[in-house]
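Single-letter residue listing:
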Amino acid sequence: MLKVGVLRGGIEKGFEKSMKDGAFFIDALKRSLGEEVEVVDILLTKEGEWLRKGFAIDPRNLSHEVDVVFNSLKGELAHSGHLTDTLREFGIKINGSDKVSSAIANNVTIFDDYIKSMGKKSVNREKISLADYDSENKFLEMARFISLKYSPPWIIKPVNSFDREEWRAKSFPQLIEVLEEFFNIYNEGIIEEWQSGDRIRVGVFENFRGENLYTLPIMLCEDDSGNLKRCPHVLDRETSEEIKEKVKNIFKSLGIKGHAFFDLKLHPKRGVFFDRVDTGLSLDEESHLVQAMSSVGVGEKELVSHIINNICRR
């Protein structure tokens, strides 16, 4: 019987989300694989203590307790590649990409430079930092700089794309408020100009359904008017194939392992602009993953089996 550890919790602000997504995966394992696997719940507490079934454990000994680990942590621990590389050094088979791939994929400015070096387009944006503004009116000065260089509405994001939050402002007074709110949390961020077009998401999975790289249906996340969606996008075949080839090329070039979701902007005349990469997974029935998989007839058992088998190949 295969022992599958599900790592959840964490010392970062994504603790509750990790606990929830980890529970989704545990329930899916039990429902779909039944007696084929033994599920081992592994908790990383907010204080940094590792627990197995409520008892403290040294992560270096996890390889004696489980055969594979599914990492359901959020934030830097999940997506920086450091924890993944460390656990693999301990002989643990775990999902996730290495430090180099993760560093490029999950830092907006580095990712933009990488995309441009490959001759592809990224959305129009740049880094902004509190360190560049020393006066009492720093948020006013920053807002003036932004408003002179970029047209509204504006989007403010963290530099690290594993923090998938974003702030939006439509007016100059609102921009000042948003900047103050954002920089109460972060020391640096990304200012991004709103770009017309649909926001879309494309999933890429390794070794799935007989393909080395399998692309999921292109999902519409937000249409040009800003309305949130979660459904397959209706595109002509040529546009769809072009987008899928581009994301597969980036996936291979970055050396991503297992899976990734690419967020893009699709302008009706100017084409595709890359936004960011997400290497996380959620089996929440409302997630893009589950919605996209369902649209091509992939059920829970096929999906969960694939994820576990892919980790076993490590």
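As shown above, the structure is provided for reference.
Here the structure is a predicted model, which is why all the values come from computation and not from measurement.

Q: So, the nonpolar core: which residues are in play, and what are the values?
A: Ranked by size, the top nonpolar core spans 28 residues in total, and within it Phe25, Leu29, Phe205 and Leu289 carry the most contacts. For this core, the elements supplying multiple residues, two or more each, are strand 1 (2-9), helix 1 (15-33), strand 2 (37-44), strand 5 (68-71), strand 11 (198-208), helix 9 (288-295) and helix 10 (300-312). For Phe205, the residues in contact, after removing those within four places along its chain, are Asn212, Leu213, Tyr214, Leu216, Gly258, His259, Phe261, Leu281, Leu289, Met293, Leu303 and His306. Grouped together as the second largest cluster of nonpolar side chains are 24 residues, Val202, Val204, Leu220 and Ile256 included.

Q: Please set out the pairing of strand 12 (residues 211-215) residue by residue, giving values where relevant.
A: In terms of strand pairing, strand 11 meets strand 12 through four bridges, oriented antiparallel. Opposite Phe205, over in strand 12, you have Tyr214 as the bridge partner. Count of turn residues in the strand 11/strand 12 antiparallel hairpin: two residues, of which Arg209 carries a positive phi of about 50°.

Q: Describe unusual backbone geometry, listing the residues and the values that go with them.
A: Here the amide bond leading from Pro152 into Pro153 is cis, since omega sits at -5°, within 30 degrees of zero. Looking at the element boundaries, Pro153 is found in the loop between helix 6 (138-149) and strand 8 (154-158). One non-glycine residue, Asn207, lies in positive phi territory at about 55°. Assignment of secondary structure puts Asn207 in strand 11. Phi at Arg209 takes a positive value of approximately 50°, unusual for a residue other than glycine. Along the polypeptide, Arg209 turns up in the loop between strand 11 and strand 12. The exposure class of Arg209 is partly exposed, given its relative accessible area of 38%.

Q: Run through the sheet that holds strand 4 (residues 55-56), naming residues and quoting values.
A: What the six strands build is an open sheet, ordered 4-3-2-1-5-6; its pairing is mixed. In the strand order of this sheet, the two ends are held by strand 4 and strand 6 (93-94), each with one partner. The pairing of strand 1 with strand 5 spans four bridges and is parallel. Bridge pairing links Gly5 to Val69 in strand 5. Each of strand 1, strand 5 and strand 6 touches helix 10; the most contacted strand, strand 5, lies at about 120° to it.

Q: Got a sec to walk through the sheet that holds strand 7 (residues 125-129)? Specific residues and values, please.
A: Here we have four strands laid out as an open sheet, ordered 7-10-8-9, and antiparallel in their pairing. Edge positions in the open sheet fall to strand 7 and strand 9 (167-169), since each of these has one partner strand only. Each strand of the sheet is rotated relative to its neighbour by a mean of 30°, with strand direction disregarded. When strand 7 meets strand 10 (residues 188-193), the two strands line up antiparallel, connected through five bridges. Bridge pairing in strand 10 links Ile128 to Gly189. Together, strand 7, strand 8 and strand 10 form the strand contacts of helix 5 (residues 108-117), whose direction differs from that of strand 7 by roughly 150°. Against the sheet, helix 6 makes contact with strand 7, strand 8 and strand 10, and its axis sits at roughly 170° relative to strand 7, the strand it touches most.

Q: For helix 8 (residues 237-254), give the residues involved together with the corresponding values.
A: Owing to its 3.6 residues per turn, the α-helix aligns residues three or four sequence positions apart on the same side. Its 18 residues place the ends of helix 8 26 Å apart at the C-alpha level, agreeing with the 26 Å of an ideal helix rising 1.5 Å per residue. Next to the buried residues of helix 8 lie helix 4 (99-105), helix 5, strand 11, strand 12, strand 15 (259-267) and strand 16 (271-278). Two or three places before Glu238, at the start of helix 8, stands the capping residue Asp236, its side-chain oxygen 3.2 Å from that residue's backbone nitrogen. Remark: Gly255 follows helix 8 within two positions and exhibits a positive phi of approximately 75°.

Q: I'd like a description of the packing of aromatic side chains, backed by residues and values.
A: One pass over the full model with this rule turns up 11 aromatic pairs. A centroid spacing of 6.3 Å and a plane angle of 85° characterise the contact between Trp167 and Tyr186, whose relative ring orientation is edge-to-face. Placement of the pair is Trp167 in strand 9 and Tyr186 in the loop between helix 7 (172-183) and strand 10, with a sequence separation of 19 residues. Exposure remark for Tyr186: the relative accessible area of 11% places this residue in the buried category. Three or more aromatic residues link up through ring pairs in this structure, and these residues are Phe139, Trp167, Phe182, Phe183 and Tyr186. Here the guanidinium or amino end of Lys121 rests over the ring plane of Phe273, the centre of that ring lying 4.6 Å away. The residue whose ring lies beneath Lys265 is Trp194, and the NZ or CZ to ring-centre distance is 3.9 Å.

Q: So, the pattern of salt bridges: which residues are in play, and what are the values?
A: Throughout the structure, instances matching the rule amount to 23 salt bridges. Across the pair Asp275 and Arg125 runs a salt bridge, and its minimum N-O distance is 2.7 Å. With a gap of 150 residues between them, Asp275 in strand 16 and Arg125 in strand 7 connect regions that are remote in the sequence. By relative accessible area, Asp275 is classed as buried at 4%. In this structure, Arg199 and Glu166 form a salt bridge, with 3.4 Å as the shortest nitrogen-oxygen distance. Pair noted here: Arg199 is in strand 11 and Glu166 is in the loop between strand 8 and strand 9, with a separation of 33 residues, a long-range link. A network of salt bridges, in which partner residues are shared, links Glu166, Arg168, Arg199, Arg201, Asp263, Arg276 and Asp278.

Thresholds, definitions, all that
- Residues numbered from 1 in each chain as written.
- Predicted model: local features only at pLDDT ≥ 70, side-chain atom pairs only at ≥ 80, totals over all residues.
- Heavy atoms only, no water.
- Core = buried A, V, L, I, M, F, W, Y, C linked by side-chain atoms within 4.5 Å.
- Buried < 20%, exposed > 50% of the residue type's maximum accessible area, 1.4 Å probe, protein only.
- Helix = DSSP H or I, 4+ residues; strand = E, 2+ residues; numbered from the N terminus.
- Contact = heavy atoms within 4.5 Å.
- Pairing = 2+ DSSP bridges.
- Axes fitted to C-alpha atoms, helices over the stretch in contact; angles between N-to-C directions.
- Expected span 1.5 Å × (residues − 1).
- Polar contact = N/O pair within 3.5 Å; in protein donor to acceptor, adjacent residues only side chain to side chain.
- Phe/Tyr/Trp six-rings, centres within 6.5 Å; stacked < 30°, edge-to-face > 60°.
- Lys NZ or Arg CZ within 6 Å of the ring centre and 35° of its normal.
- Salt bridge = Lys/Arg side-chain N within 4 Å of Asp/Glu carboxyl O.

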